[in-house]
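A structural walkthrough
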Amino acid sequence: MTTTNTGTGRRWGRFALHYVEMIVAMFVGMFALGMLQSAVGLSFSHEQQPELAYLVMAVNMSIGMAAWMRIRGHGWASTLEMCAAMFVPVVPLFPLLWLGAIDAGTMMTAAHVAMFPLMLAAMLRRLDEYAGCAH
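Everything in this summary refers to the structure shown in the same document. (Residues numbered from 1 in each chain as written. Predicted model: local features only at pLDDT ≥ 70, side-chain atom pairs only at ≥ 80, totals over all residues. Heavy atoms only, no water.)

What follows concerns the pattern of salt bridges. Within the structure shown, the criterion is met by four salt bridges. Linking R72 and E21 is a salt bridge whose minimum nitrogen-to-oxygen distance equals 3.2 Å. Of this pair, R72 sits in the loop between α2 (50–71) and α3 (76–87) while E21 sits in helix α1 (residues 3–39); the two residues are 51 residues apart in sequence, bridging distant segments of the chain. A relative accessible area of 19% means that E21 is categorised as buried. The partner of E81 in a salt bridge is R126, and the shortest N-O contact between them spans 2.7 Å. Taken together, the residues E81 in helix α3 and R126 in the loop between α5 (104–125) and α6 (127–130) connect sequence positions 45 residues apart. Its relative accessible area of 25% is what places R126 among the partly exposed residues. (Salt bridge = Lys/Arg side-chain N within 4 Å of Asp/Glu carboxyl O. Helix = DSSP H or I, 4+ residues; strand = E, 2+ residues; numbered from the N terminus. Buried < 20%, exposed > 50% of the residue type's maximum accessible area, 1.4 Å probe, protein only.)

Below, the structure written as structure tokens:
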């Protein structure tokens, strides 16, 4: 294997590791802050208040990711782009929910599934940063 291939492999390895770290940070934020909110009586019903429940969950996920990204030395622009991936999926889904075309469960599932490729797109946009070359 040549030096270039090894360097390229390490670069994509760092990129993949960072992607996994973002997913872990997202879930830690969602579960830890969600449990804290429930403990103090600030939880929202996914069936009765799906928009509010989703937005609170997106904030919790964003806090987890933003905290980890800032610890790792990322700037605010890339941090906010990654957090936006938590909110962008509901832009088309909320109107479908309001029109009765989808239910709350479908909205939650579709939004969560869409987050992963949106996070990946945000990372690919700043490949050098996420591959470990810029921080």
